[in-house]
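# Breakdown of the fold
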Amino acid sequence: MNAPTPPPVPPAGPVLRTLIMSTGFGRGHHQANRALDTALRARGVNLHARHADFLTYLNPVERTVTAGTYDLWLRYAPGIYRAFYNWTDRESEPRAVVGTFHHMGLRGTLRDVRAVNPEAVVSSYPIPVAAAAAARTRLRLDFLNALIVTDYRVHHHWARPEADLLMVATPEAAGQMADWKIPPERVVVTGIPIAPVFRTLIGADRAALRERHGLRPDQPVILISGGGTGTFRALRGVLNELSNLGRPVQVLVLAGADGQGVERVGGATVHRLGFTTDFPELLAASDLVVGKAGGLTVAEATTLGVPMVIHEPIPGQEEHNADLLQRHGAAIWARQLREVRPAVLRALDPDTHAAMSAAARRLGIPDAADRVAQAVLGRLGRA
C-alpha cells in the first residue's frame, strides 16, 4: 500500500478568498470541488472558501427547467436527453439556450461574490462560469474565473469563453477545447480531481479490505455504479444477469439500493448498502465495476485499476466516457442487457482482467486534485 497522504501544512501567508461552485446533479461536481479544497489546504494555503450549490441560486422556474427536466428525462425519457445533448453540441446552438447562461442564478451569484470578494471563482459545472463572468462585469471586480471539466469529452457547453482557466481530463479533451476555439494557453490537462483517500488505497491489500467489510476473499466482488441520485434504470436487469453468471459472485449495491441487507439471488450474494462513506475502500476491494460511467467514478476506478463493464450510461456525456474507456482497453461497453453476462465473465477472466486493470491504471491520474490546485495557484501567481 502506498504511504498515507501527509498531514496538511499549517496555513500561512495571505488569505485566499475563493467561491467554489458546483451543482446538485449527482455527486460528481461536489466531490471534485471538495477534492480541490482539500488539495489547497494540504499545500498550506490559508484558504477561506465558500462552497455553493448553483441550484440554490436558481428561482423556481429555472430550477424546474434545469434540474427537474434533467431528472425526468433520465428517469423516463433518456432518448430525449440524448437528442438535447447532441442538438446543443454545436457552435450554431440557438441563443435561446446559451443566451440564458449569463442570467440564470445571477442574483445568488452576485450576492455571494459581493460577500466573498473572491480572488478566484472555481466551478465544476459550465453555467456558473457564465454567471460569474456576468457578476465580475456587473460589480467591476477582478478575479480568476476557473472551470473544472468533470467529463472526459468537451461538450459545447463546457467550452466557456468566459473562463480564464479551463482544466480538463485528458490531452484529447484539450484538443477538443481547441476545436471549440478556446485559446490553448487557457487550457491545462489536470485530470478530474478525486479525494486523496483513493491515492492511499492504490495497491491496498484487497483481502484485508474484504475482511474488514464482511466480504469473502475467494469470490469476485462486483460494485454496481448507479450514480449518486440512484437513477440507474437498468439496476434490476443487471442484478438478474449477475445472478446467472454460472459462478458465485458478491455484488455491492450502493445508490439506489432497495432497503439494506444481504440476500442470495441465484449465484450472487447481494449486499444492499445504500449510502456509505466506505465507498473508497469498497471500490478498492472490488474486482469490477458494472453500470454507469460518471466522470468521477471513472477517475476513481482508473486510479485504483478497477476495470468496468458499462451498461446504460447516461446518454451523451457518459456514453463518451464509455467510449474512451473501451478504446483504451479499460472497460467493456455492454450496449444490450443480454451482453452484460458475457462481458462480466470475460472481464473476470484472469488474463483479461489483468490487462484491463493495467489499462485502467494507465488512464488514471491519482494526483489530479493537486494538479488542479497547482493550476489555480499558478494563475494567481501563488505557486
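What comes next concerns the included structure. Model, not experiment: these values are computed from the prediction.

## A word on the overall build of the protein chain
- If you tally the helices and strands in the protein chain, you get 16 helices and 13 strands.
- Taken over the C-alpha trace, the protein chain has a radius of gyration of 21 Å; the compact-globule value for 383 residues is 21 Å, and the two agree within 12%.
- In terms of its C-alpha atoms, the protein chain occupies a principal-axis envelope of roughly 65 × 50 × 35 Å.
- Looking at the protein chain as a whole, 55% of its 383 residues are labelled buried.

## Observations concerning the nonpolar core
- Ranked by size, the top nonpolar core spans 37 residues in total, and within it Y152, L252, L283, L304, M308, I310 and L325 carry the most contacts.
- Among the elements of the structure, β7 (221–225), α11 (279–284), α12 (295–304), β12 (308–310), α13 (317–327), β13 (331–333) and α15 (350–363) are those that each provide at least two residues to this core.
- At five residues, the largest contribution of residues to this core is made by α12.
- With residues near it in sequence (within four places) discarded, I310 still touches G291, A293, A322, L325, A331, I332, W333 and A334.
- Ranked by size, the runner-up nonpolar core spans 28 residues in total, among them A52, I127, A130 and A134.

## Some points on the pattern of salt bridges
- Scanning all chains against the criterion turns up 19 salt bridges.
- As a salt-bridge pair, E318 and K292 come within 2.7 Å of each other at their nearest N and O atoms. Of this pair, E318 sits in helix α13 while K292 sits in the loop between β11 (288–291) and α12, and the two are 26 residues apart along the sequence.
- Accessibility expressed as a relative area gives 6% for K292, which makes it buried.
- Residues D323 and R327 are paired through a salt bridge, measuring 2.9 Å at the closest nitrogen-oxygen approach. Taken together, the residues span about one helical turn, with D323 and R327 both in helix α13 at a distance of four residues.
- Exposure remark for R327: the relative accessible area of 47% places this residue in the partly exposed category.
- A cluster of three or more residues bridged by salt bridges with shared partners is formed by R50, R111 and D112.

## Side note on the pairing of strand β10 (residues 268–272)
- Among the five residues that make up β10, five are buried, leaving the element largely enclosed by the rest of the structure.
- Burial along β10 is two-sided: the residues A268, V270 and R272 and T269 and H271 are all buried.
- The sheet contact formed by strand β8 (residues 249–253) and β10 spans five bridges and is parallel. Considered in β10, the bridge of Q250 is made with T269.
- Judged from the five bridges that link them, strand β9 (residues 261–265) and β10 form a sheet pairing that is antiparallel. When the bridges of β10 are listed, E263 appears paired with V270.
- Where β9 folds back onto β10 in an antiparallel hairpin, the turn is made up of two residues, including G266, whose phi is positive at roughly 60°.

Thresholds, definitions, all that
- Residues numbered from 1 in each chain as written.
- Predicted model: local features only at pLDDT ≥ 70, side-chain atom pairs only at ≥ 80, totals over all residues.
- Heavy atoms only, no water.
- Helix = DSSP H or I, 4+ residues; strand = E, 2+ residues; numbered from the N terminus.
- Rg over C-alpha atoms; globule rule 2.2 N^0.38 Å.
- Buried < 20%, exposed > 50% of the residue type's maximum accessible area, 1.4 Å probe, protein only.
- Core = buried A, V, L, I, M, F, W, Y, C linked by side-chain atoms within 4.5 Å.
- Contact = heavy atoms within 4.5 Å.
- Salt bridge = Lys/Arg side-chain N within 4 Å of Asp/Glu carboxyl O.
- Pairing = 2+ DSSP bridges.

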